[in-house]
Amino acid sequence: MRGDVFTLGAPTAIYGTTAPDADSIARLNTAEQYVAGPTLHQLVSVDDNGQLRATLNTKAYYQFFYNHRIAFVPIDTVHFEKKV
């Protein structure tokens, strides 16, 4: 299996969901490395006259595994080092 390894350039909060109001589940340190999974965008729910509608936000995340669970890190906080 091959994947892209990302490195954090600064301490970064990670999340258990991409919801706009999500609380961080952990804070990763500078230079930690993880294998990036799929790219996901934030979904924003809007009540449109009693009809719930979901739209994509511009904020994007990489999905990855952290402590045996799925986590999300904002794309703009990472850079890629190498392929594994």
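Above: the structure in question.
Anyway, here's the lowdown on the structure attached to this text. (Residues numbered from 1 in each chain as written. Predicted model: local features only at pLDDT ≥ 70, side-chain atom pairs only at ≥ 80, totals over all residues. Heavy atoms only, no water.)

1. Digging into the packing of aromatic side chains
Right, so step 1: As enumerated under the stated definition, the model contains six aromatic pairs in all.
Right, so step 2: When the ring of Phe6 is compared with that of Tyr62, the centres are 6.4 Å apart and the planes differ by 20°; the resulting orientation is stacked. In this pair, Phe6 is assigned in strand S1 (residues 4–8) and Tyr62 in strand S6 (residues 51–66), connecting sequence segments 56 residues apart. Each of the two residues, Phe6 as well as Tyr62, counts as buried.
Right, so step 3: Joined through ring pairs, the aromatic side chains of Phe6, Tyr34, Tyr62, Phe64 and Tyr66 make up one cluster. (Phe/Tyr/Trp six-rings, centres within 6.5 Å; stacked < 30°, edge-to-face > 60°. Helix = DSSP H or I, 4+ residues; strand = E, 2+ residues; numbered from the N terminus. Buried < 20%, exposed > 50% of the residue type's maximum accessible area, 1.4 Å probe, protein only.)

2. Remarks on the nonpolar core
Right, so step 1: With 13 residues, the main nonpolar core has Phe6, Ile14, Leu28, Phe64, Tyr66 and Val73 as its most contacted residues.
Right, so step 2: When contributions to this core are tallied by element, the ones reaching two or more residues are S1, strand S3 (24–28), S6 and strand S7 (69–74).
Right, so step 3: With three residues, the single largest contributor to this core is S6.
Right, so step 4: Among all residues touching Phe6, those that are not within four sequence positions of it are Glu32, Gln33, Tyr34, Val35, Ala36, Phe64, Val73, Val78, His79 and Phe80. (Core = buried A, V, L, I, M, F, W, Y, C linked by side-chain atoms within 4.5 Å. Contact = heavy atoms within 4.5 Å.)

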